[in-house]
Amino acid sequence: MKVLMVLAHPRRASLTGQAAEAFATAATERGHLIEWADLVAEGFDPVLREADEPDWNDGCKVYSAETRQEMVRVEHNDATVMFFPVYWWSMPAILKGWIDRVWNKGWAYGEHKFPQRRVWMVGIAGTLTDAYRKRGYDSAMQTLLDVGILDYCGVAERRVELLFGSIEGEPYPTEILAAARHLGSAF
């Protein structure tokens, strides 16, 4: 399977980047082909401008060249996996902007649904599970990402994983990398 690996972190060598690499290595060992979309390194512009604003009266709107190029990149792959750090109980702005611009009306929702059956989102969270559960942030994120994006766009094989403890010191970073490898092996 050809997999688009979307990384949304300003540093490729970060724990998020290392986790994405661990996932990709394990998935490659299972025979998958990985294409990287390192949004920050590529200079992706996450700002939704008029050219890419959904038009509720035109389901066949032609979006900007940059957005159409990203759509084609998705279409050339069989699945998408997104790795991102959790910022403010959500994804970074660059990933949200990529979804806002690329997963657009008439292509990912509305008249057509997202062109891939399998999409996984993997968030690397700073604190531990209990901190997220205390106020329901974990379930809120699941609803936002799984229901609000993946299900809304008709993704049949979807998964949202939060890997906790990135800033808590060992053993958590090691456990995050092991979990990412396991996810890649199971993909």
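The paragraphs below set out a description of the structure included in this document. (Residues numbered from 1 in each chain as written. Predicted model: local features only at pLDDT ≥ 70, side-chain atom pairs only at ≥ 80, totals over all residues. Heavy atoms only, no water.)

**Digging into the nonpolar core**
Step number 1: Core analysis: the largest hydrophobic core is formed by 36 residues, its most contacted members being Met-82, Leu-95, Trp-98, Ile-99, Trp-103, Phe-114 and Met-121.
Step number 2: Broken down by secondary-structure element, the contributors of at least two residues to this core are β1 (2-7), α3 (65-75), β3 (79-85), α4 (93-102), β4 (118-124), α6 (137-151) and β5 (157-163).
Step number 3: Top element by residues in this core is α4. It accounts for five residues.
Step number 4: Setting aside its immediate chain neighbours within four residues, Trp-98 contacts Leu-4, Val-6, Leu-39, Phe-44, Glu-70, Val-74, Thr-80, Met-82 and Trp-103.
Step number 5: In terms of nonpolar packing, the next biggest core, distinct from the first, is built from 22 residues, Ala-22, Leu-163, Ile-176 and Leu-183 among them. (Core = buried A, V, L, I, M, F, W, Y, C linked by side-chain atoms within 4.5 Å. Buried < 20%, exposed > 50% of the residue type's maximum accessible area, 1.4 Å probe, protein only. Helix = DSSP H or I, 4+ residues; strand = E, 2+ residues; numbered from the N terminus. Contact = heavy atoms within 4.5 Å.)

**Quick look at the layout of surface pockets**
Step number 1: Reported here for the largest pocket is a volume of approximately 220 Å³.
Step number 2: Lining the largest pocket are 13 residues, and of these Lys-96, Ile-99, Asp-100, Trp-103 and Tyr-109 sit closest to its centre.
Step number 3: Counting only elements with at least two residues in the lining of the largest pocket, the list comes to α4 and α6. (1 Å grid on protein atoms, 1.4 Å probe; cavity = no way out; pocket = protein on both sides within 12 Å on 5 of 7 lines; lining within 4 Å. Points joined across faces, edges and corners; volume = space filled by probe spheres on them.)

**So, the packing of aromatic side chains**
Step number 1: As enumerated under the stated definition, the model contains 12 aromatic pairs in all.
Step number 2: Here Trp-56 and Tyr-109 contribute two aromatic rings whose centre-to-centre distance is 6.0 Å and whose plane-to-plane angle is 40°, an arrangement assigned as tilted. With Trp-56 in the loop between α2 (39-42) and α3 and Tyr-109 in the loop between α4 and β4, this residue pair connects regions lying 53 residues apart in the sequence.
Step number 3: The interplanar angle of 85° and the centroid separation of 4.7 Å between the aromatic rings of Trp-120 and Phe-187 together place this pair among those described as edge-to-face. One end of the pair, Trp-120, is in strand β4; the other, Phe-187, is in the segment after α7 (172-186), and 67 residues separate them in sequence.
Step number 4: Through a chain of ring-to-ring contacts, three or more aromatic side chains come together here, namely Phe-23, Phe-83, Trp-120 and Phe-187.
Step number 5: Positioned above the aromatic ring of Trp-36 is the side chain of Arg-12, whose terminal nitrogen or guanidinium carbon lies 4.0 Å from the ring centre.
Step number 6: Positioned over the ring face of Tyr-152 is Lys-113, at 5.9 Å from the centre of the ring. (Phe/Tyr/Trp six-rings, centres within 6.5 Å; stacked < 30°, edge-to-face > 60°. Lys NZ or Arg CZ within 6 Å of the ring centre and 35° of its normal.)

**Considering unusual backbone geometry**
Step number 1: Here the residue pair Glu-170 and Pro-171 is connected by a cis peptide bond, since its omega of 15° sits within 30 degrees of zero.
Step number 2: With respect to the secondary-structure elements, Pro-171 resides in the loop between β5 and α7.
Step number 3: The phi dihedral of Trp-88 is positive, around 50°, even though this residue is not glycine.
Step number 4: Note that Trp-88 resides in the loop between β3 and α4.
Step number 5: Despite not being glycine, Trp-89 has its phi angle at roughly 65°, a positive value.

**Examining the sheet that holds β1**
Step number 1: Pairing in this open sheet of five strands is parallel, and the strands run β2-β1-β3-β4-β5 from one edge to the other. For this open sheet the edge positions go to β2 (33-38) and β5, each flanked by a neighbour on one side alone. Put simply, the sheet's adjacent strands are angled 15° from each other on average, direction ignored.
Step number 2: Helix-sheet contacts for α3 involve β1, β2 and β3, and the interaxial angle to β2 is about 160°.
Step number 3: Strands in contact with α4 are β1, β3 and β4; relative to β3, the strand with the most contacts, it is inclined by about 150°. (Pairing = 2+ DSSP bridges. Axes fitted to C-alpha atoms, helices over the stretch in contact; angles between N-to-C directions.)

Distances and angles like these do not, on their own, reveal function.
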